[in-house]
Every structure is written in C-alpha cells, then in structure tokens.
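Given next are the chains, with one letter for each unit.
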Amino acid sequence: MAIYIASIDDLEPGMVVGRPIFGAGGIPLVTQGVPLSGALINAIRRQKIDQIYIKDDSDGPSETPQGLLSHELEREGRRKVEAIFSNAVEKMSLSVKDIEVLSDLLSSVMAELSKGGSLTMGSLKAVADMDKVTFDHCWSVAVLSLALYREAIEDGWLPLGTFQDGINMGLGAVLHDIGKLKVPLEILNKPGMLNEDEWEEMRLHPWHGLELVRNQPNVMPMARGIIIHHHQRLDGKGYGPRNRENILSGDRIPKIIRLASVADVYDAIATDRPYRPGYLPWEVLRTMRKSVGDALDAKAFSLLESMVVPFPVGCFVLLKRGEVCMVTRSDGPWGRVLALMAPLKGRALGDIFSFGVEDVLLGGSTLQGLAWRVKREFFSALREEDKRLDPSEWSVLSDWKGRFIKAFGR
C-alpha cells in the first residue's frame, strides 16, 4: 500500500481516504479507510480543504511513509500554530498566553523526538489550505529544527543543553517568520519575481518579528536570535538587522541559528506555494548543496541530509525514458508505472520496479506538481507535433486517465 496526496479537484468516488481528514479547529470529518462518495467530496470541498491523502492498493513492494512526529502531534501542532498566528494577524501582537501554549507544544515535540531511534523524514506533507502556508511553514521549521538539534547533540557538534534550551530553540524557529504578518499579502503570494521595493519590504520581516516579541518576557535571547538572524549567511551577505553592522557571518553565526536556517531553506523549497509546487527532497538537497559554504553551514546541512528520504512514498517522478511513476517504496526507490508518454520496450503499465536518481528527469510531491514542472521544463523543449505533448495519446492506467488529462492538459 502506498499513500499519496491528491488535490481536491482530482478526487473521484471510490477513492479511499489514506489518513483522517480534519476540518477547522481540528474537528474530525472523515476517518481513514473510508471510500469517497460524490456527497463526501462536496462536503470536503465546502471545508476549503485543498489536498488530502489517498490510499493506493496496488500490488508489489510498498511501505507506509515515516515522519518525524506522530500524526496526532503533527495535527495538534498545526492546529495550535494556525490558531495563534491567525489571532496574531488580527491583533498584530502575541500574548503571554500564546507563548505559553507554544512552549508547551514544543515541549511535547522535544519529548517525542527524544524517545530514541533514528529520525527520518520520509513522508510528504499535504497543505490543507494554501492561504495558511506561512503558518504551516513555521510549524514545520520548528519540528525540523528540533530534530536537527537532537542530531547535532548526538553527533557532538553541539553540547548537551537543558530541556529548556531545546524549547527556546523551537520557540525561535516557530516564530522565525512571525514578522511576515506585517508584509502585505500581495507580496507574500506574488506569483512572479519581486521587484526591488517589494524585496525591501520582505527583508524587513526578521526585524518586524523581533519587534513583535520584544516585550515578551518568556521569549529568551536564543529565540530572539533565531528570529532576527535566520537569514544570515556564512559569507556575510544575509539580512535581518536594520543596522548592517549587526549582520553576522562565518563563525559569528551561532550554531543554533545555522541549524534553524538550514531547516528554513529546506522547508521553503520543499513545500507547495500558491505560485509553484514544492520540489522533491532529492532536488531540494541538490539545490541546497550549491549554497553550502557560502550561505549554509556544511555540518548543519550534512545532519539534514542524513535524515531526509530522497524519494518519499507517494511522490511522482518522470523518468528519462518516459515513464511517469508513483513511488511505492523509498528504499531503492521503487516506482509504479502510471503512464507511458510513448510505447516503451520492456515496460508496461502497472509495473513496479527499482530506479536510481540518474534515471529521473523531474519530480513532484503531487501529480499536479509534477505536471506543472513537466509543462514548463520539459514540454517547452518539444516540437508542437510531438505526441508526448498530448496526454490523451499516452498509455495511462484506466483509473488514472482522467487525472492525467486534467493535470497535463495544455
């Protein structure tokens, strides 16, 4: 069994829910394993949910994706962070109670991450509501930062600190982008490149974030440091403090901040945005590796690399020979052929086989994400008469035909 993420627009009666679906305030809507009906799909749509997990019961090698936290704590964390940030948007402030709730939540995260065993990021993240991407990103960066913190201590790169040190780091990470609440939405969600004036506004968000927590007695210097300095670079070309003399570089950047910066960059590239889909972990790591030494710390990056599963179960890939596959096992990895862009000797629809990184042309965490990239990065290189441009000409598994035409249609 593999679990994949499907867009609300691609849901069809008969699909089976892969993970429980929750509405606003954490109210349970649909339990895991329930077959979807037309009425149920409409009910999910009314809740303004963008993506859900679907179960694929194909035969062959498969696995259940593994995340850093339990599904229950993930759900609780996202719900509480969303509630606190949504309230902060209205009031443009954080209360002492907000900080206490976040600290208690991060204490639970620390306790779960400290249970022992290897920490593995092997699951895809469904974005329930694209309007809440910033809230979701802050929670994800906090969890990943604390996982990196544990790994750094076990590796000996950081000394063993107190439990409160971990909470302080997590608090800084979850609040690292709180200053974006003061950045206009038309800039945050702009589909194209920002102009220089818009970039100037965006570069102020660390300073705005520090201003929002300045009067909070429970936000310690470590947390404040992450908020104001998380965009520092080793080469000194970062931003954050208004005074350029306070820009940090090299070893002047505390290791805690270097860890949080790596977590921030990773999740920013891997997560779906309103203007573009997220990239697969193997591509995110490849992109980040180019910045190691200039922007990112090599040790912090290596700790991240050791935790990340390059091809999580449920992701989609276009192989160089023209197969479109869904990953069913991450060790290998193994992929199931959903479509063939052209007749291919030795490969049939439904085949499950092992492939390597060198075989992959493009990837996406969802079918829509893969299609978005294929149309922009692959189709543009083909001639107009090339039949690979027309998904109706492809060989596609019958139960996926409609979804492929919808996703890849021009």
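What counts as what
- Residues numbered from 1 in each chain as written.
- Predicted model: local features only at pLDDT ≥ 70, side-chain atom pairs only at ≥ 80, totals over all residues.
- Heavy atoms only, no water.
- Axes fitted to C-alpha atoms, helices over the stretch in contact; angles between N-to-C directions.
- Helix = DSSP H or I, 4+ residues; strand = E, 2+ residues; numbered from the N terminus.
- Left-handed = near helix turned anticlockwise from the far one by under 90°.
- Contact = heavy atoms within 4.5 Å.
- Nonpolar A, V, L, I, M, F, W, Y, C, P; charged D, E, K, R; others polar.
- Buried < 20%, exposed > 50% of the residue type's maximum accessible area, 1.4 Å probe, protein only.
- Salt bridge = Lys/Arg side-chain N within 4 Å of Asp/Glu carboxyl O.
- Disulfide = S-S within 2.5 Å.

**Student:** How should I be thinking about the packing of helix α3 (residues 96-113) against helix α5 (residues 163-174) in this particular structure?
**Tutor:** Two numbers describe a pair of packed helices, the interaxial angle and the distance between the axes. Packing of α3 against α5 leaves a shortest axis separation of 9 Å and a crossing angle of 120 degrees. Judged by the twist between their axes, the crossing of α3 over α5 is right-handed. Only F163, G166, I167, G170, L171 and V174 of α5 make contact with α3, whose side of the interface consists of I99, L102, S103, L106, S107, M110 and A111. Here the contact of α3 with α5 is built from residues that sort into nine nonpolar, four polar and no charged.

**Student:** Explanation requested: helix α11 (residues 281-289) in the structure shown.
**Tutor:** Owing to its 3.6 residues per turn, the α-helix brings residues three or four apart onto one side. Along α11, the residues classified as buried are P281, W282, E283, V284, L285 and M288. Against the buried residues of α11 lie α10 (255-270), α12 (298-307), β10 (360-364) and α13 (367-377).

**Student:** What should I look at first to understand the side chain of K180 in this one?
**Tutor:** For K180, the position within the fold is in the loop between α5 and α6 (185-188). The exposure class of K180 is buried, given its relative accessible area of 17%. Setting aside anything within four residues of it in sequence, one finds K180 in contact with L188, M202 and H205.

**Student:** Help me understand the pattern of salt bridges, please; the structure alone is not making it clear to me.
**Tutor:** Charged atoms that come close allow side chains of opposite charge to pair. For the structure on display, the rule yields 24 salt bridges. The residue D177 makes a salt bridge to K180 at a minimum N-O spacing of 3.3 Å. Of the two residues examined, D177 and K180, each falls in the buried class. Where R203 meets E200, a salt bridge forms, and the shortest distance between an N and an O atom there is 3.0 Å. With a relative accessible area of 27%, R203 lands in the partly exposed category. For E200, a relative accessible area of 44% translates into the label partly exposed.

**Student:** Looking at this structure, I do not really get the state of the cysteines. What am I missing?
**Tutor:** One covalent bond between the sulfur atoms of two cysteine residues makes up a disulfide. Applying the stated rule across the entire model yields zero disulfides. The structure places no disulfide on C315, whose sulfur is separated from the nearest cysteine sulfur, that of C325, by 10 Å. The exposure class assigned to C315 is buried, which follows from its relative accessible area of 0%.

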